[in-house]
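# Per-entry structural report
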Amino acid sequence: MPRSTPQKSPTIAFPDWFTEFLADRAVRKPSPHTTKAHRQDFEAVATLLAGSTDAVPDLKTNELNKDSLRAAFAAYADTHSAASIRRCWSTWNTLCTFLFTAELLDADPMPLIGRPKVPNTLPKGYPASAITELVTAIDSDDGSTRRSDWPERDHAILFTSLLAGLRADELLNADVGDVRRTEDGAVLHVRGKGNKDRRMPVGQELLTVLEEYLQTRISRFPQTRRRASTPGDALSSFSPTAPLFVGSGGERITRGTLQYRILRAFKKAGINGERATGALVHGLRHTFATELANANVSVYTLMKLLGHESMVTSQRYVDGAGTETRAASELNPLYKLLKARERPS
């Protein structure tokens, strides 16, 4: 049973059995984000189980039972969202499965621990009018003397999200060398979730937006430009390993800055209330997927473009598009012919 409210600590020592679990997961080459989540989720619940961060290293696997974990998760749920609880439950479910398989745990208690249900909602993208207003809001920064205002970069982030469907982490980790020219535009090499790479076609229009941004970056940070480059080719002006998107100081853009620039555009456009809570870059990704689904792109193709592991996830966009398509089809004036044929009973 939980013994007290945990005190927040930046780092704690882990018991040997959790270190073994991390070593086992490391062989699977998880992303840094996944490893960080495993550590955070373990620390949160383990501290509740042990009573303090100092006691966590001495936590024994025989203390992981139905009653103790149920109480710990109940305490955790008091201060965390449903999404956070589901993620934490998933981490502990994976951990307990490992411990049980390795014969370090007599029984797996996690199937008996409750968790919030995943809401049965369809992904929702932004309408074209909202995108237009976002672009206008970013345009209004043109001529600003504030160093943090950089409309060309913000345009590049917005349209890369909308036209290539990248996740926030994928935008953060993208390098200039990941954009490779082709005869009709470019291909963007994306280092995706779970270290699953994919290649995204980039149209000439998006490539032009990226190059315009990189040209302004040369002006802002001339010291970062390569000595040997092709005149007029902004991509060749930077090292292939240079970050594609940078902050106002020229370093790789941070998650906070990335999300803030999108949030700022929503607020400046006066449409912040139209987005779902927490949906910023991911809302743009939803828009990318929804537009493709509305264009009758196959579920398999959507799965490949979005970097999903399963077509079940991608199918949700098609289901959502089906709802919109049905509503639109019912506006067909030919429906009036059927109504005219209706006779009173």
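Treat the numbers as computed from the prediction; the structure is a model and nothing was measured.

## Here's the deal with the overall build of the protein chain
Counting secondary structure elements, the protein chain contains 13 helices and three strands. Expressed as a percentage of the 345 residues in the protein chain, the buried residues total 42%. Counting only contacts in the protein chain whose residues sit at least 6 apart along the sequence, the fraction spanning at least 24 positions is 64%. Accessible surface computed for the protein chain: about 19,400 Å², of which carbon and sulfur atoms make up 53%.

## Comments concerning the nonpolar core
L134, F245, L258 and L284 are the most contacted members of the largest nonpolar core, which totals 56 residues. Looking at this core, the element that brings in the most residues is helix α8 (residues 204–220), giving seven residues. Setting aside residues up to four positions removed in sequence, L284 forms contacts with Y126, I131, L134, L158, S161, L162 and I262. The next biggest cluster of nonpolar side chains, apart from the first, holds 30 residues, and it includes W17, F21, F73 and C96.

## Observations regarding helix α4 (residues 82–101)
Counted at 1.5 Å a residue, the expected span for α4 with its 20 residues is 28 Å, and the 28 Å between its end C-alpha atoms agrees. Among all positions in α4, only I85, R86, C88, W89, T91, W92, L95, C96, F98 and L99 are buried. Buried residues in α4 make contact with α1 (16–26), α2 (32–50) and α3 (66–77). After α4 finishes, the residue E103 shows a positive phi value of roughly 60 degrees.

## Overview of helix α11 (residues 299–306)
Buried within α11 are the following residues: V299, L302, M303, L305 and L306. Just beyond α11, the residue with positive phi is G307, at close to 75 degrees.

Each value, and the rule that gives it
- Residues numbered from 1 in each chain as written.
- Predicted model: local features only at pLDDT ≥ 70, side-chain atom pairs only at ≥ 80, totals over all residues.
- Heavy atoms only, no water.
- Helix = DSSP H or I, 4+ residues; strand = E, 2+ residues; numbered from the N terminus.
- Buried < 20%, exposed > 50% of the residue type's maximum accessible area, 1.4 Å probe, protein only.
- Contact = heavy atoms within 4.5 Å.
- Areas by Shrake-Rupley, 256 points an atom, 1.4 Å probe, with all protein chains shown as cover.
- Core = buried A, V, L, I, M, F, W, Y, C linked by side-chain atoms within 4.5 Å.
- Expected span 1.5 Å × (residues − 1).

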